[in-house]
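Observations on the model geometry
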Amino acid sequence: MGVGTTLLWERGGAGEPLVLLHGMGSSHDDFAGLRGRLEASYDVLAADLPGHGGSPSLIEEPTVGAITDVVEADLDTLGLSRVHVLGNSLGARVGLELARRHRARSVVAIAPSGMSMPLERVYQGSVLSVARVVLQRVRPVIEPLSRVRLGRALLLGGLRARPLRATREEALAVRDGFADSDDFWRTLWSAILTDRPTGLGDVDCPVILAQGLFDGVSGGQTVRYVPAVPGARFELLLGAGHAPQSDTPDDIVRLVDEAAARSTTPP
């Protein structure tokens, strides 16, 4: 689905609208293992963020604000006013920005970027940069590796705590994001390394912040959002990594349901 929209979207299920926003270096397929379960209860819309997967890069600088502008414009095109959001990393940060703009009914933000300290930003930038370079060099073997569990574990070992549980589609998401992104470096700089969240006190919907116990990418930034976002609560995901969609799917579905149940805003 992409007719009339800027970004590539995949849509399925029925119910209240739930937008899925992936992290830096991935694509909408990062949620492939969760989609079926979420579509049983929600009208699920999964996007490729600008410069990732099947979505074009932005002409302007890809800041969090500019990325959110495009997501917001696409929601307008799709006739959606306020939506539930499940986001990871950069996608979680965009989800919080949608909430600040009063476009979210609820947000589950897993390891959102933006609140890291200077040394953590250097570390996170280094981890993402190495992943980009390595995955570009091994790109010809990503597809064959994605067919077998051990190969998927090798591809996703830095993002998942239990990569053997991942699907083939989830493993291929790193090809679409890290290896093939045509705007990786601008996005890394503008949306991750120099981003500073503001206006979070304007958020007016339920927000659950979560982070995997074995997240080796985010540092301590997730809990720093708790005092900045009104009514937000934090949950530690045991047995989970930075992108835990297939690590702890039961917990993620539960958090989405809990946040949605607390919402009092109509779609």
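Let me sum up the structure you'll find in this document. Along each chain, the written sequence defines residue order, and numbers are assigned to residues from 1. At least 70 in pLDDT is required for a residue's local features to be given in this predicted model, at least 80 for side-chain atom pairs to be given and counted, and no such filter applies to totals for whole chains, interfaces and linings, which use all residues. As a rule here, side-chain values come from all non-hydrogen atoms in the structure, and water together with hydrogens is ignored.

**Thoughts on the overall build of the protein chain**
Rule in force here: What counts as a helix is a DSSP run of H or I of at least four residues, what counts as a strand is a run of E of at least two, and both are numbered from the N terminus. For the radius of gyration, the atoms used are the C-alpha atoms, and the globule rule reads 2.2 Å times the number of residues raised to 0.38. Burial status follows relative accessibility: with a 1.4 Å probe on protein chains alone, a residue under 20% of its type maximum counts as buried, one over 50% as exposed, and anything between as partly exposed. Between two residues, a contact is recorded if the distance between any of their heavy atoms is within 4.5 Å. Residue-level accessible areas treat just the shown protein chains as cover; the underlying method is Shrake-Rupley with a 1.4 Å probe. The charge count includes Lys and Arg as positive and Asp and Glu as negative, but it does not include His or the ends of the chains. Note on charges: their place is set at NZ of Lys, CZ of Arg, CG of Asp or CD of Glu.
Check the secondary structure of the protein chain and you find 10 helices and seven strands. Against the compact-globule benchmark of 18 Å for 267 residues, the protein chain has a radius of gyration of 17 Å, which places it among compact chains. Seen along its three principal axes, the alpha-carbon backbone of the protein chain occupies a region of about 45 × 40 × 40 Å. The proportion of buried residues among the 267 residues of the protein chain is 58%. Long-range contacts, defined as pairs at least 24 residues apart, comprise 74% of the intrachain contacts of the protein chain with a sequence gap of at least 6. As displayed, the protein chain offers around 10,000 Å² of accessible surface, 58% of which is attributable to carbon and sulfur atoms. For the protein chain, the distance from the average position of its 27 positive side-chain charges to the average position of its 32 negative side-chain charges is 4 Å.

**Considering the pattern of salt bridges**
Definition in use: We define a salt bridge as a contact between a side-chain nitrogen of Lys or Arg and a carboxyl oxygen of Asp or Glu at a distance within 4 Å.
Using the criterion set out here, one finds 28 salt bridges in the structure. Residues D180 and R139 are paired through a salt bridge, measuring 2.6 Å at the closest nitrogen-oxygen approach. Here R139 lies in helix α5 (residues 139–146) and D180 lies in the loop between α7 (168–179) and α8 (184–193), a separation of 41 residues in the sequence. The partly exposed category is assigned to D180, whose relative accessible area is 34%. Relative accessible area serves as the criterion here: at 34%, R139 is assigned to the partly exposed category. Where salt bridges share partners, they join D69, E72, D76, R93, E97, R100, R101, R103 and D195 into one cluster.

**Structural notes on the packing of helix α4 (residues 118–137) against α8**
Applicable threshold: Angular values range over 0 to 180 degrees, each being the angle between N-to-C directions of two axes fitted as lines to C-alpha atoms, with helices fitted over their stretch in contact. Should an angle fall under 35 degrees it is taken as roughly parallel, and over 145 as roughly antiparallel, whereas 65 to 115 is taken as roughly perpendicular and any remaining angle as oblique. In this scheme the crossing of two helices becomes right-handed for a clockwise turn of the near helix relative to the far one and left-handed for an anticlockwise turn of less than a right angle. Polarity classes work like this: nonpolar for Ala, Val, Leu, Ile, Met, Phe, Trp, Tyr, Cys and Pro, charged for Asp, Glu, Lys and Arg, and polar for all others, with Gly in that last group.
Interhelical geometry of α4 versus α8 gives an angle of 160° and a closest axis separation of 11 Å. Relative to α8, the element α4 lies roughly antiparallel. Crossing of α4 against α8: the hand is right-handed. Every residue of α8 that contacts α4 at R121, Q124, G125, L128, S129, R132 and V133 is listed here: F184, W185, L188, I192 and L193. By residue class, the composition of the contact of α4 with α8 is seven nonpolar, three polar and two charged.

**A closer look at the sheet that holds strand β3 (residues 42–47)**
Defined as follows: In this scheme, strands are said to pair when DSSP sees at least two bridges between them.
With mixed pairing, seven strands are arranged side by side in an open sheet as β1-β3-β2-β4-β5-β6-β7. In this open sheet, the two edge strands, each paired with only one partner strand, are β1 (9–13) and β7 (233–237). Ignoring strand direction, the axes of neighbouring strands in this sheet form an average angle of 20°. Packed onto the sheet, helix α3 (residues 90–100) meets β2 (16–21), β4 (83–88), β5 (104–110) and β6 (207–212) and runs at close to 155° relative to β5.

**Description of helix α10 (residues 249–262)**
The condition that has to hold: A helix is expected to span 1.5 Å for every residue after the first. Summarising the geometry, the arc corresponds to the directions from the helix axis toward the C-beta atoms.
Here α10 is 14 residues long and its end C-alpha atoms lie 20 Å apart, about the 20 Å a rise of 1.5 Å per residue gives. Here α10 has its buried residues at I252, V253, L255, V256, A259 and A260. Buried residues of α10, seen end-on, are gathered within an arc of 160° and therefore sit on one face of the element. Exposed positions of α10 whose direction lies more than 90 degrees from the buried face are D250 and A261.

**Here's the deal with a nonpolar patch on the surface**
For the record, the criterion: Residues with no salt bridge and a relative accessible area higher than 30% make up the patches, which join like charges within 9 Å and nonpolar side chains (Val, Leu, Ile, Met, Phe, Trp, Tyr) within 5 Å.
Together, L213, F214, V223, F234, L236 and L238 make up an exposed nonpolar region whose accessible area comes to about 550 Å². Along the polypeptide, F214 turns up in the loop between β6 and α9 (221–224). Of the residues examined, F214 reaches a relative accessible area of 55% and is grouped as exposed.

**As for the environment of L21**
Relative to the helices and strands, L21 is located in strand β2. Leaving out residues up to four positions away in the same chain, L21 has contacts with F31, A47, L49, V85, L86, G87, N88, G91, A92, V94, G95 and L98.

**Looking at the environment of C205**
Mapped onto the secondary structure, C205 falls in the loop between α8 and β6. Judged by relative accessible area, C205 falls into the buried class, the value being 5%. Remark: the alpha-carbon pair of C205 and R103, spanning 102 residues in sequence, is separated by 9.3 Å. In this structure, C205 is in contact with R82, A99, A104, R105, S106 and V107, ignoring residues within four places of it in sequence.

**Digging into helix α1 (residues 32–39)**
Here α1 has its buried residues at L34, R35 and L38. Down the axis, α1 shows its buried residues gathered within 115° of arc, on one side only. Contact partners of the buried residues in α1: β1, β2, β3, β4 and α10.

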